[in-house]
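# Understanding the architecture of this molecule
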Amino acid sequence: MATPDVHPYDALLLVSFGGPEGPDDVVPFLENVTRGRGIPRERLEEVGKHYHLFGGRSPINDQCRELKAAIEADLAEHDIDLPVYWGNRNWDPYLSETLQQMADDGVTRAACFVTSAYSSWSSCRQYRENLWDAVDPLGDGPGPEGSPVRLDKLRHYFNHPGFVEPNVDATLAALADLPDDVRAGARLVFVTHSIPTAMNENSGDPEVTYEGGGAYVAQHRDVARVVTERVAAETGTLHEHDLVFCSRSGSPHVPWLEPDINDHLEALRDRGVPAVVMVPVGFVSDHMEVIYDLDTEAVETAERIGLPVRRAATAGIDARFVATVRDLLVERATVERGEEVARAAVGDTGPMWDACPVGCCANPRAERPALCGRGA
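A brief look at the structure comes next. (Residues numbered from 1 in each chain as written. Predicted model: local features only at pLDDT ≥ 70, side-chain atom pairs only at ≥ 80, totals over all residues. Heavy atoms only, no water.)

So, about the nonpolar core. In terms of nonpolar packing, the biggest core is built from 66 residues, with L12 and L329 touching the most fellow members. Listed in part, the 20 residues of the second largest apolar core include V15, L95, L99 and V114. (Core = buried A, V, L, I, M, F, W, Y, C linked by side-chain atoms within 4.5 Å. Buried < 20%, exposed > 50% of the residue type's maximum accessible area, 1.4 Å probe, protein only.)

Laid out in structure tokens, this is it:
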């Protein structure tokens, strides 16, 4: 088998959110995340208690280290000689430091894999804005066009088989772990991070009308349908399913996507649903929103109301998800060389764009420059 061609790329950049790695990091990390929003320190300290339940350490950086190592091993196994770098938006290693290291190492063009699978300002465009901020200081020109490092963000992968199939298998495993007498009636509850409703409405291509008012919700619903149908094909049971949300933050006067997972569990119990499988389809690994909002808070809610509940695993470093990174890298390299390529996708949405449309996922506070869009 021929070695996959990744030209014109000479590096891969893993881009993630970042998280505190010790108790002293918690409030400074939260200040980074919320900078410019005017959130009082007292509120940050309250949120920080979630992290202190786990020793003041978020799992996300360790998960990125594991993913980076798995990607490197997968590339090597397929004879792809490409260095893999890692940079975060909100904590060490910061994107700005990683981009400087890449420039010092002589990297000229890198593909970026972001650990966020969906469209919205917070899950896509904000990463693109941060990439601009990290690249801007490197060049002598007025902006990233003067930088010695060019970055291309790999496309959204929420509907890539390598992300969806691990979620299907994880859901099947969680169902199998339920007691026999409640399994057939269990409801699949797909969970993702809540965002302001206005952010959802402005997510995706502004020229397209989406189910649910925006691409963020529409994309999650598409994946939820696929997983539910695949589970039915394996088990012979078509489970009812819902999309719900966790980790709401911000002013109580600003509408956010609902229902909250805890409220929804109570509503399902009141309706006589015998059991629930929570599927954290909005997350690629066990972030704090998974181990606290679901494994801690939601499980406590379920136990209090007597509702059997299981939580499906995230994709993490499943070999199929790791291979997705390689597939997207080779796909984009082929596109950049002007060659035809097959794009893997399941569900109704179809393969996503390589470069984000002008005006998609608008910044809710002020327009800012961003990399990796059309004309950018």
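The residue G55 is located in the loop between α2 (41–52) and α3 (60–77) in this model. Given a relative accessible area of 47%, G55 falls into the partly exposed group. Each C-alpha atom, one on G55 and one on Y85, is 27 Å from the other, the two residues being 30 residues apart in sequence. (Helix = DSSP H or I, 4+ residues; strand = E, 2+ residues; numbered from the N terminus.)

One number sums up the size of the second largest pocket: a volume of about 440 Å³. Taken together, 20 residues form the lining of the second largest pocket, with N32, R89, N90, N130 and D133 sitting closest to its centre. Looking at the lining of the second largest pocket element by element, the count peaks at 6 residues for helix α5 (residues 121–135). Tallied by class, residues from the lining of the second largest pocket come to 6 nonpolar, 7 polar and 7 charged. (1 Å grid on protein atoms, 1.4 Å probe; cavity = no way out; pocket = protein on both sides within 12 Å on 5 of 7 lines; lining within 4 Å. Points joined across faces, edges and corners; volume = space filled by probe spheres on them. Nonpolar A, V, L, I, M, F, W, Y, C, P; charged D, E, K, R; others polar.)

With that out of the way, let us pick up the sheet that holds strand β3 (residues 109–114). The pairing of strands in a sheet comes from backbone hydrogen bonds and takes either a parallel or an antiparallel form. An order of β2-β1-β3-β4 is seen for the 4 strands of this open sheet, with the pairing classed as parallel. The open sheet has two edge strands with one neighbour each: β2 (84–88) and β4 (150–153). Strand-to-strand twist across the sheet, computed as the mean angle between neighbouring axes with direction ignored, equals 30 degrees. Sheet analysis places β3 next to β4, joined by 4 bridges and oriented parallel. (Pairing = 2+ DSSP bridges. Axes fitted to C-alpha atoms, helices over the stretch in contact; angles between N-to-C directions.)

Let us look at the side chain of N61. Along the chain, N61 falls in helix α3. Engagement of the side chain of N61 in a polar contact is seen with the backbone oxygen of G19, the distance being 3.4 Å. (Polar contact = N/O pair within 3.5 Å; in protein donor to acceptor, adjacent residues only side chain to side chain.)

Turning our attention to the pattern of salt bridges. Two side chains with opposite charge may pair up if their charged atoms get near one another. Taken as a whole, this structure holds 34 salt bridges when the rule is applied. In this structure, K49 and E46 form a salt bridge, with 3.2 Å as the shortest nitrogen-oxygen distance. Of this pair, K49 and E46 both sit in helix α2, 3 residues apart, which is roughly one turn of the helix. Three or more residues joined by partner-sharing salt bridges are found here, namely R109, R150, D152, R332 and E336. (Salt bridge = Lys/Arg side-chain N within 4 Å of Asp/Glu carboxyl O.)

All right, on to unusual backbone geometry then. The peptide bond linking H7 to P8 adopts the cis configuration, its omega dihedral lying at 20 degrees. Here P8 shows up in the segment before β1 (11–16). Cis geometry is found at the peptide bond from E258 to P259, where omega equals 10 degrees. The backbone of C361 shows a phi angle near 50 degrees, a positive value even though the residue is not glycine.

Over its 21 residues, helix α9 (residues 215–235) runs 30 Å from end to end, which matches the ideal 30 Å to within 8%, given 1.5 Å per residue. Remark: G236 follows α9 within two positions and exhibits a positive phi of approximately 80 degrees. (Expected span 1.5 Å × (residues − 1).)

Let's shift gears to the sheet that holds strand β5 (residues 187–193). The 4 strands are arranged β6-β5-β7-β8 in an open sheet whose pairing can be described as parallel. The sheet is open, and its two edges are formed by β6 (241–246) and β8 (309–311), each paired on a single side. Between one strand and the next, the sheet's axes are offset by a mean angle of 25 degrees, whatever the strand orientation. Taken together, the 4 bridges between β5 and strand β7 (residues 276–279) define a ladder with parallel strand orientation. Residue pairing in the sheet places F190 in a bridge with V279 of β7. Contacts from helix α10 (residues 261–270) reach β5, β6 and β7 within the one sheet, and its direction differs from that of β6 by about 145 degrees. (Contact = heavy atoms within 4.5 Å.)

A separate point is empty space enclosed by the protein. Overall, the coordinates contain 1 cavity of 30 Å³ or more when judged by the stated rule. Space inside the largest cavity adds up to approximately 40 Å³. Together, K153, L154, R155, H156, W353, D354, C356 and C372 line the largest cavity. Looking at the lining of the largest cavity residue by residue, the class counts come to 4 nonpolar, 1 polar and 3 charged.

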